[in-house]
Amino acid sequence: MNTFLQLVVNGLGKGAVFALLALGFVVIFKATEVVNFAHGSLVLFGGYLVVVTRDALGWAGASWVGILSAGLLGLLLERFLLSRPRHADANALALLTIGVDVIVTEEIVRRLGDSLPFIGEAWDAKPFQLGGITLFRTHLVALGVAAVLITAFWLAFKFSNWGIAMRAQAENREAAALMGIRSSRVTATAWLVAGLLAGVAVLFIATQDFSGAGLSRGTHSIALAAFPAAILGGLDSTAGAVVGGLVVGLVDALSAQYISFDFSKSAVFLVMLVVLVIRPSGLFGTRERTRV
Amino acid sequence: MSEGVASKQVVEAPPEAPAAPRGRRSPAKLLRALGWTALLVVLLALPLYLDAAWLKAGQYMMIGAVGAIGLTLLVGQAGQLSLAHAFFLLAGGTAYSVLSGPTDDTRVIGLGIDPALSLIGAVVITALLGLAFAPVSGRLRGIYLGVASLALVFLGLYFGQSAEKLTGGTSTGRAPTPFSLFGFPFSNEGPHIEILGVPIQQAERTWYLFLLLTVLAFVIARGAVKGRIGRSWRAVRDNEAAAAVMGVSVIRAKAGAFAVSSAYAGLAGAMTVLWFDILKPDESEYGTYGINVSIAFLAMIIIGGLGSVSGALVGALIVNGLPQVLSLYSTDLGWFTGTGGGALTPILVSSFVYGAAIILVVLFEPGGLAAIGRRISRRNGRIPEEQGT
């Protein structure tokens with residue numbers, strides 16, 4: 001029972017991180033209908049800047065630099081690449097992000113070389129006991145941070161001008177533009193937010209508690225699990241991203257313990273496949289209708 | 001997102017060429033046929049001039065070509081995005097190794113079937129696997145399908161690691177049975193053959209085998225694209241409802257495209273195993289059958305132009321050829337001498353090149369190289385190609 005409880009808490013902690021990543025996907029998708037395959041490279045980029053600036057600024061300062069620069073990279077990608085071909089198909093732009101991902105990831109992995117730095121100093125590898133079960137600090141902090149960020153996001157999404165503009169644009173792009181909503185600004189902010197969330201997530205991913213591996217190509221693969229999280233919940237549902245993230249975290253933690261560690265990565269994707277066969281647009285996604 | 005992946009990228013089919021007078025082929029068609037023949041003659045003659053290392057590089061490009069043709073049919077013609085190509089590569093390679101493997105091996109399972117039959121068997125098995133994915137591929141569209149197909153790569157990774165009896169496991173892998181056709185081995189054994197004083201050894205023989213397979217793959221794909229099947233794929237890609245109204249079975253077209261594409265990947269997988277002379281499953285998502293391979297194949301067909309069969313050949317030449325050629329040249333010129341972390345390697349450089357190529361193609365020429373080729377031939381007053389082949 002204790003093991004199970006421990007797994008659930010750890011799974012939720014992991015899930016919170018996946019939720020942050022999935023939320024980034026969903027925000028970009030809602031604003032632009034583009035699926036961002038470069039999300040993993042945003043994660044790596046944020047982490048890499050933490051590594052680079054850590055000696056000069058200390059860990060706390062470096063993490064801020066990492067988070068902000070991941071956001072900035074997202075913003076720059078949107079401004080300089082994705083906003084260029086104005087009438088390009090959203091799917092073509094998704095392919096473009098694959099190209100971006102290859103370049104950014106390969107370069108960062110090259111620069112990291114053989115060093116695989118851990119970057120969660122403030123909470124990494126400091127487990128503590130609570131009521132007979134061992135808990136990882138990383139997962140608990142991740143849960144807390146994710147709860148705060150997701151609540152803040154939800155409030156902004158519901159009540160702020162940006163949130164309303166964003167939802168209007170997701171509903172009907174042309175009508176929103178006619179109402180005076182600056183579509184380019186909404187899109188740019190969406191990429192900024194997604195980048196910032198990715199920058200936060202990497203501080204938890206490249207830790208001993210979370211993955212047991214430092215910043216590397218493996219971090220990029222872990223970030224890929226945010227795909228099933230976003231798709232599970234439905235690509236255009238922010239609530240779905242959170243639920244999807246938690247489901248992925250739980251499936252990952254439980255299957256690693258009860259089936260095998262190797263299987264846990266596949267298990268996440270398997271669950272996604274099952275959900276997609278039953279509900280092709282995810283749990284909370286808008287169903288597509290075809291009219292003739 | 002409602003339509004297929006490629007609907008806006010593939011340049012619509014230009015109007016039909018004016019009918020040539022009966023009994024005489026139009027000069028443009030004749031010229032094109034002549035061009036293909038010349039290319040084939042050059043490819044047939046190359047083993048007489050190139051040494052084994054270059055032939056090996058050429059074979060790797062042909063593997064890419066076979067896989068890319070399959071993927072371009074699926075993504076470009078049928079409008080289904082797939083990131084699962086690497087999985088079917090692994091499946092094809094494993095199927096060939098298991099079918100042809102020796103029966104007396106205690107470590108891995110082998111069925112001892114004739115290698116040529118095993119190759120056909122591997123293609124059939126991967127096609128069936130692709131068909132088995134139909135419940136998913138038939139229901140999902142666009143990006144949803146792309147991510148769902150990513151699941152197969154992860155399942156393949158797990159399969160490679162855990163089914164050691166079939167794959168040989170990640171640490172040692174298993175050696176495939178060398179290919180032979182009607183008793184003629186594609187290795188250094190068997191009868192000694194010489195053409196123009198050049199001994200035809202393993203490298204040359206494998207070159208001809210791969211060339212034959214690539215030509216077959218190409219001809220069949222062209223036939224499919226030009227014929228009824230290709231038309232039904234494009235109809236489904238452009239508008240499923242309209243296609244259904246026209247009498248196309250949407251489910252059958254989608255499942256068929258996926259099965260055909262998987263079969264191509266399976267063939268490419270068996271070729272990969274023969275090329276490496278080992279089947280060795282990956283330890284992580286990044287490797288011979290990893291996500292990076294799926295993305296490389298996607299890069300080939302984006303660069304070549306989605307849906308274009310000849311474009312896929314050029315894409316394979318660039319994406320699979322570049323690392324090979326760079327490393328061959330680097331030994332001569334002393335490039336890429338650095339080792340360890342932070343070093344530039346031929347593979348890394350080619351990744352940068354094809355990553356950038358994807359970006360440039362999407363930004364400036366969504367039809368890929370095929371569209372550029374089409375424009376050149378149109379400017380020269382020739383008849384435009386049909387159906388973006």
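Along each chain, residues carry numbers from 1 onward, in the same order as the chain's sequence is written. As a convention, the first chain written is A and the first ligand written is 1, with the rest following in written order. Residues qualify for local features only when their pLDDT is at least 70, as the model is predicted, and side-chain atom pairs are given and counted only at 80 or more; totals for whole chains, interfaces and linings, by contrast, use all residues.

This part covers the overall build of chain B. Secondary structure follows DSSP: runs of H or I at least 4 residues long count as helices, runs of E at least 2 residues long count as strands, and numbering of each begins at the N terminus. Of regular secondary structure, chain B possesses 17 helices and four strands. With C-beta atoms placed from the backbone, a residue is buried if 20 or more other C-beta atoms are within 10 Å of its own, exposed if 12 or fewer are, and partly exposed between those counts. Across the 389 residues of chain B, 51% fall into the buried class. Here the analysis covers contacts within chain B between residues at least 6 apart in sequence; of these, 76% occur between residues at least 24 apart. Placing a C-beta atom from the backbone of each residue, one calls two residues in contact when those atoms lie within 7 Å.

Here we take up the overall build of chain A. A tally of regular secondary structure across chain A gives eleven helices and two strands. Mapped in sequence order, the helices and strands of chain A form the string α-α-α-β-β-α-α-α-α-α-α-α-α. Taken over C-alpha atoms, the radius of gyration comes to 19 Å for chain A, in line with the 19 Å a tight globule of 292 residues would show. Overall, chain A is about 60 × 45 × 35 Å in size when its C-alpha atoms are taken along their principal axes. Sorting the 292 residues of chain A into buried and exposed places 54% on the buried side. Just to be clear, the radius of gyration here is over C-alpha atoms, and the globule rule we use is 2.2 Å times residues to the power 0.38.

Right, let's talk about the nonpolar core for a bit. To define a nonpolar core, we join buried Ala, Val, Leu, Ile, Met, Phe, Trp, Tyr and Cys residues through C-beta atoms within 7 Å and take the resulting set. Core analysis: the largest hydrophobic core is formed by 209 residues, its most contacted members being Ala19 and Leu21 of chain A together with Ile358 of chain B. Excluding anything up to four places from it in sequence, Leu21 of chain A contacts His39, Leu197, Ala198, Ala201, Ala223, Ala226 and Ala229 of chain A.

Attention now moves to the packing of helix H9 (residues 202-226) of chain B against helix H12 (residues 250-276) of chain B. Any two packed helices are characterised by how steeply their axes cross, that is the angle between the axes, and by the distance between the axes. Residue and element names in this part refer to chain B. Comment: axis = line fitted to C-alpha atoms, over the contacting stretch for helices; angle = value between 0 and 180 degrees taken between N-to-C directions. Contact pair H9 / H12: the axes reach a minimum separation of 12 Å and the direction vectors enclose 175°. Classified by the interaxial angle, the pair formed by H9 and H12 is roughly antiparallel. Taking contact as the criterion, the partners of Phe210, Leu213 and Ala217 in H9 are, on H12, Tyr264, Leu267 and Met271. When the residues that make up the contact of H9 with H12 are grouped by side-chain class, the tally is six nonpolar, no polar and no charged. Should an angle lie under 35 degrees it is considered roughly parallel, over 145 roughly antiparallel, and from 65 to 115 roughly perpendicular; all remaining angles are considered oblique. Each residue receives one of three labels: charged for Asp, Glu, Lys and Arg, nonpolar for Ala, Val, Leu, Ile, Met, Phe, Trp, Tyr, Cys and Pro, and polar for the others, Gly being one of them.

Our focus in this paragraph is helix H16 (residues 346-364) of chain B. Expected span of a helix: the number of residues minus one, times 1.5 Å. Between its first and last C-alpha atoms H16 of chain B spans 26 Å; for 19 residues at 1.5 Å apiece the expected length is 27 Å, and the two agree. By the burial criterion, the buried members of H16 of chain B are Ser350, Ser351, Tyr354, Gly355, Ala357, Ile358, Ile359, Val361 and Val362 of chain B.

On to the interface of chain A and chain B, then. Each side of the interface is counted separately: chain A has 44 residues, and chain B has 43 residues. Taken together, the elements giving at least two residues each to the side of chain A that touches chain B come down to helix H3 (90-112), helix H8 (217-224), helix H9 (226-233) and helix H11 (261-278) of chain A. No other element matches the 15 residues that H3 of chain A contributes to the side of chain A that touches chain B. A breakdown of the residues in the side of chain A that touches chain B according to their chemical character gives 25 nonpolar, eight polar and eleven charged.

On to H9 of chain A. For H9 of chain A, the tally of buried residues reaches eight of eight residues, placing the bulk of the element in the interior. Every buried residue of H9 of chain A is accounted for by Ala226, Phe227, Pro228, Ala229, Ala230, Ile231, Leu232 and Gly233 of chain A. Looking at the buried positions of H9 of chain A, the neighbouring elements they touch are helix H1 (2-32), helix H2 (39-82), H8, helix H10 (238-258) and H11 of chain A together with helix H6 (142-162) of chain B. Gly234 of chain A, located one to two residues past H9 of chain A, shows a positive phi value of around 110°.

Atomic detail in the predicted coordinates should be set aside for any region of low pLDDT. All names here are of chain B. Looking at chain B, pLDDT values average 82 and 88% of them are 70 or higher. pLDDT expresses, on a scale from 0 to 100, how confident the predictor is about each individual residue. Note that residues 1-21 has pLDDT below 50 and, in this model, 52 contacts with residues that lie over four places away or in other chains. A low-confidence stretch, residues 384-389 stays under pLDDT 50, and its non-local contacts, those more than four residues away or across chains, total 24 contacts. Interface confidence for the predicted complex, given as ipTM, is 0.87, next to a pTM of 0.88.

Mapping Leu212 of chain B onto the fold places it in helix H9. Once the C-alpha coordinates of Leu212 of chain B and Met62 of chain B are considered, the two residues, 150 residues apart in sequence, prove to be 10.0 Å apart.

Within the secondary structure layout, Thr172 of chain B lies in helix H8 (residues 169-172). For Thr172 of chain B, a count of 12 C-beta atoms within 10 Å translates into the label exposed.

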